[in-house]
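# Secondary and tertiary structure notes
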Amino acid sequence: MSHRKVMHIKKRTEGTSNELSFSVLDAKSSVSDAPSASPRTLSALGKVSVFTVPDRQSGEPSAAISSFGMSQRRKNQAAAAVGGSVIYSLPMQEVKSRKRHRRFVRLLQAVGALALVAIIVLAGVQLTGNVVQRQKTSHASIDTAIELLAQTDEAMFALDDAVTAPAQSSNQVLKQRISDLAAAASLLDRAANAAEEAATLTADSVNAETAAEAKASAAARKDLVEAGRIVLIQGAAAKRAADLAVRTWDAAAAADALARQAVEALEANPKAIEESMGLSEQAIAGFQDALVLLRQAKEVYPQADFSLLEEYLELRGAAQQNALAADEAAQAGDESLENANTIAYNSVEGQAARIAAQMPEDPAQPVVDVYAVVGAEADAAYQEARERASSADAALRTYLEEAR
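Residues numbered from 1 in each chain as written. Predicted model: local features only at pLDDT ≥ 70, side-chain atom pairs only at ≥ 80, totals over all residues. Heavy atoms only, no water.

For the α-helix, the turn length of 3.6 residues means that residues three or four positions removed from each other point alike. End to end, helix α9 (residues 365–402) covers 54 Å across 38 residues, agreeing with the expected 56 Å (1.5 Å per residue, within 8%). Taking the largest bend as the criterion, α9 deviates by roughly 35°, centred on Y371. (Helix = DSSP H or I, 4+ residues; strand = E, 2+ residues; numbered from the N terminus. Expected span 1.5 Å × (residues − 1). Bend = angle between axes of the 7 residues up to and from the residue.)

The next thing to look at is the nonpolar core. If you look at the biggest cluster of nonpolar residues, it comprises 37 residues, and the most contacted ones within it are L149, L159, L224, L232 and Y382. Elements represented by at least two residues in this core include exactly α2 (92–151), α3 (153–164), α4 (171–201), α5 (205–268) and α9. The contacts of Y382, once residues within four sequence positions are left out, are L159, D160, V163, L224, A227, G228 and V231. (Core = buried A, V, L, I, M, F, W, Y, C linked by side-chain atoms within 4.5 Å. Buried < 20%, exposed > 50% of the residue type's maximum accessible area, 1.4 Å probe, protein only. Contact = heavy atoms within 4.5 Å.)

Okay, the pattern of salt bridges next. A full pass over the atoms with the stated rule returns 16 salt bridges. One salt bridge in this structure joins D153 and R221, with 2.9 Å as the shortest N-O distance. Of this pair, D153 sits in helix α3 while R221 sits in helix α5; the two residues are 68 residues apart in sequence, bridging distant segments of the chain. Considered together, D153 and R221 belong to a single accessibility category, that of buried residues. A salt bridge links E196 to K215; the shortest N-O distance between them is 2.4 Å. Of this pair, E196 sits in helix α4 while K215 sits in helix α5, placing them 19 residues apart in sequence. Overall, the relative accessible area of 33% leaves E196 in the partly exposed class. Through salt bridges with shared partners, a single ionic network connects D256, R260, R316 and E349. (Salt bridge = Lys/Arg side-chain N within 4 Å of Asp/Glu carboxyl O.)

Looking at where G317 falls in the secondary structure, it is placed in helix α7 (residues 307–332). Taking the C-alpha atoms as reference, G317 lies 9.5 Å from E349; in sequence the two are 32 residues apart. The residues touching G317, leaving out its near neighbours within four places in the chain, are I284 and F287.

Fine structural detail should not be taken from predicted coordinates in areas where pLDDT scores are low. Mean pLDDT over the chain: 75, with 64% of residues reaching 70 or higher. Segment residues 8–90: pLDDT under 50, and 108 contacts once partners within four positions in sequence are set aside and those in other chains are kept. (pLDDT = per-residue confidence, 0-100.)

The next thing to look at is the packing of α7 against helix α8 (residues 335–358). At a closest axis distance of 8 Å, the pairing of α7 and α8 adopts a crossing angle of 165°. Classed by the angle they form, the pair α7 and α8 counts as roughly antiparallel. As for the relative orientation of α7 and α8, their crossing is left-handed in sense. Within the contact of α7 with α8, the residues separate by chemical class into 17 nonpolar, six polar and four charged. (Axes fitted to C-alpha atoms, helices over the stretch in contact; angles between N-to-C directions. Parallel < 35°, antiparallel > 145°, perpendicular 65-115°, else oblique. Left-handed = near helix turned anticlockwise from the far one by under 90°. Nonpolar A, V, L, I, M, F, W, Y, C, P; charged D, E, K, R; others polar.)

Two elements in contact, α3 and α9, have axes separated by 12 Å at closest approach and are oriented at 150°. On the basis of their axis angle, the class for α3 and α9 is roughly antiparallel. As for how α3 packs across α9, the hand of that crossing is left-handed. Here L159, D160 and V163 of α3 lie close against α9, whose contacting residues are D379, Y382 and R386. Within the contact of α3 with α9, the residues separate by chemical class into three nonpolar, no polar and three charged.

When its relative accessible area of 2% is taken as the criterion, R221 is described as buried. Within the structure, R221 has its side chain in polar contact with the side chain of T152 (distance 2.7 Å). (Polar contact = N/O pair within 3.5 Å; in protein donor to acceptor, adjacent residues only side chain to side chain.)

This is the structure we're talking about:
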């Protein structure tokens, strides 16, 4: 029987899975001040002056009859009229009718003036009431927006801590942080809506500025949440893929040990074919388990290049298939088939050894390499959003302090 070469698997540093570090930040970012929950005292509602139309009192001027320049006849006629001898006179019924008409006209004029005043006063009162109500609603909406913003502070601080070293956190912690961000995003949407409502209702410039800053803060925080979510998702994926890569290599190392035991069993006792076959079968299953874990890592983090490790595991599994076939041929007494499979085994093991020489010491290195680039881009986007959120919060605090 041809001699089988023993494939010694390259040793890896113990504890690698616990020493992985993917943080591309130079140092933990300082936590920006959260918007204070100090009382808001917005500008007082200005008094609304209601102007009314004055009631003009009008009287008819008395007619002054002068006799200057009158002819004697006209003077005599005037004297006669005064004396009771009526020369020119209207019927009494007509006189009374005209007097009633004048009184009715004056009454209508007075009633019309009063009605106009009442309409103007009523309109002014209604307008004042609408303005007051709109201002109250605007103030309440701003308070609501600020309260909703404050409710996201804790999530913002936790996000900042998690983003500093996302790949060093447990997957469970990262999942919880991502879930918290979804809840924070909902609060920020509500805050933006409340600020928008306040801006449309108010006529007060300070109130309008505060509403605008509250809306800007909500938008900036929303961008921060999205950028942070990407960082955490990237970190969670990298962490998961790295863990799977390390588990892959652990499974490969266990399978390699079984393969070496199969060879050693035959070297110690050429008749221990059954034992060698059993060990080869276990080794084949072990390499298959390693491939399953590796393909999970590829699915979780497809950007990482695991092609060398995958090829290595496939070659090692194929070599064990040749070893098993050689043992079966030896058991059947077919020396020619046994030798052919043994030669194939040695050839495939040689290919695997050459692939192993090209592989990095750390099985998770492909993840590290990709995350150094992708993670850095996500971190840069996060820091940019963080600066905008900090600026918006600072402006909002300034308006609130000035409004006290």
